Amino acid sequence: MISTLRRGLLVLLAALPLMANAAAGGSAHDLVQDTTNKMLADLSANKEKYKQDPSQFYNALNTIVGPVVDAEGISKSIMTVKYSRKATPEQMTRFQENFKRGLFQFYGNALLEYNNQGITVDAPKSETGDRAEVGMTVKGTNGAVYPVSYTLTKINGEWKLRNVVINGINIGKLFRDQFADAMQRNGNDLDKTINGWAGEVAKAKEETDKAAGKSAQ
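Here is what the cut-offs are and how they apply
- Residues numbered from 1 in each chain as written.
- Predicted model: local features only at pLDDT ≥ 70, side-chain atom pairs only at ≥ 80, totals over all residues.
- Heavy atoms only, no water.
- Helix = DSSP H or I, 4+ residues; strand = E, 2+ residues; numbered from the N terminus.
- Buried < 20%, exposed > 50% of the residue type's maximum accessible area, 1.4 Å probe, protein only.
- Contact = heavy atoms within 4.5 Å.
- Areas by Shrake-Rupley, 256 points an atom, 1.4 Å probe, with all protein chains shown as cover.
- Salt bridge = Lys/Arg side-chain N within 4 Å of Asp/Glu carboxyl O.
- Axes fitted to C-alpha atoms, helices over the stretch in contact; angles between N-to-C directions.
- Parallel < 35°, antiparallel > 145°, perpendicular 65-115°, else oblique.
- Nonpolar A, V, L, I, M, F, W, Y, C, P; charged D, E, K, R; others polar.
- Core = buried A, V, L, I, M, F, W, Y, C linked by side-chain atoms within 4.5 Å.
- 1 Å grid on protein atoms, 1.4 Å probe; cavity = no way out; pocket = protein on both sides within 12 Å on 5 of 7 lines; lining within 4 Å.
- Points joined across faces, edges and corners; volume = space filled by probe spheres on them.

- As annotated in an unreviewed UniProt entry, the chain carries the name ABC transporter substrate-binding protein and comes from Pseudomonas yamanorum.

Below you can see the structure in the form of structure tokens.
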């Protein structure tokens, strides 16, 4: 069973990849709507190839999705000021790469399992300033509907993903808590926590799997 978190990150991957190629200046809502359609079409055309060689899929995600995510902003948010201000530029860069790699490796297969049961972008909201919220609903294989809310921020005239809330689960907060817990367990060793981040993502997924299983009972 694909967990709520896994479904939501599946949607994150499905909805955003081609934003990197979209023209600057468009609305966040239009970008999400347009790129959702394009990504699902691309997945339909290449799914069998990606299934035969998942590493090719992960590399594609890193190339296409990576530039769309505000990796620097998200990484600093996950670390919080308490730890990010102590990190060297090299450590921050390494954590950003490990953050993206962890997501792509652990949740890429969920996207390959998706059969386009139904994704609907909510009606556009008023967009003013450099932050916007875009809502979406996703229908799972069991017919359940999952609400998703994206927070996007405009950086140098381009919209970037900053956070996502999936069925009430705030992914940014989930990873912040996971990072703080890992730092405690690792004796505040920043390098050890950064290098082991893929394992922390796996642990977060397992914990959310359990929570989703309990809520379904």
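So much for the structure itself; the text now carries on.
**Structural notes on the overall build of the chain**
And then number 1: Broken down by element type, the chain carries eight helices and five strands.
And then number 2: Walking the chain from its N terminus toward its C terminus, one meets helices and strands in the order α-α-α-α-α-β-β-β-β-β-α-α-α.
And then number 3: Residue burial in the chain is summarised as follows: out of 217 residues, 47% are buried.
And then number 4: Pairs at least 24 residues apart make up 60% of the contacts formed inside the chain by residues separated by at least 6 positions.
And then number 5: For the chain, the exposed surface amounts to about 10500 Å²; the carbon and sulfur share of it is 48%.

**Focus on the pattern of salt bridges**
And then number 1: Counted by the stated rule, this structure contains eight salt bridges.
And then number 2: The salt bridge partner of Glu-72 is Lys-76, with a shortest N-O separation of 3.3 Å. Taken together, the residues Glu-72 and Lys-76, both in helix H4 (residues 71-84) and four residues apart, mark about one turn of the helix.
And then number 3: Using a relative accessible area of 44% as the deciding quantity, one classes Glu-72 as partly exposed.

**Examining the packing of H4 against helix H6 (residues 171-185)**
A pair of packed helices can be characterised by two numbers: the angle between their axes and the separation between those axes.
And then number 1: Packing of H4 against H6 leaves a shortest axis separation of 8 Å and a crossing angle of 45 degrees. Relative to H6, the element H4 is oriented oblique. Each of Ser-77, Ile-78, Met-79, Thr-80 and Tyr-83 in H4 lies in contact with H6, whose residues at this interface are Phe-175, Arg-176, Phe-179, Ala-180 and Met-183.
And then number 2: Split by residue class, the contact of H4 with H6 holds seven nonpolar, two polar and one charged.

**Re the nonpolar core**
And then number 1: Ranked by size, the top nonpolar core spans 43 residues in total, and within it Ile-78, Met-79, Phe-99, Met-136, Phe-175, Phe-179 and Trp-197 carry the most contacts.
And then number 2: Per element, the largest residue contribution to this core is seven residues, and it comes from helix H5 (residues 89-113).

**Here's the deal with the environment of Val-165**
And then number 1: Looking at the element boundaries, Val-165 is found in strand S4 (residues 158-166).
And then number 2: Sequence separation between Val-165 and Tyr-150 is 15 residues, and the spatial gap between their C-alpha atoms is 6.6 Å.
And then number 3: Here Val-165 is in contact with Pro-147, Val-148, Ser-149 and Asn-170, once residues within four sequence places are set aside.

**Observations concerning empty space enclosed by the protein**
And then number 1: Evaluated as defined, the whole model comprises two cavities of 30 Å³ or more.
And then number 2: Of the voids in this model, the second largest cavity is the one considered here, and its volume is about 40 Å³.
And then number 3: In terms of lining, the second largest cavity is formed by His-29, Asp-122, Ala-123, Pro-124, Lys-125, Glu-127, Glu-133, Val-134 and Gly-135.
And then number 4: The leading source of residues in the lining of the second largest cavity is strand S2 (residues 131-139), at three residues.
And then number 5: Split by residue class, the lining of the second largest cavity holds three nonpolar, two polar and four charged.

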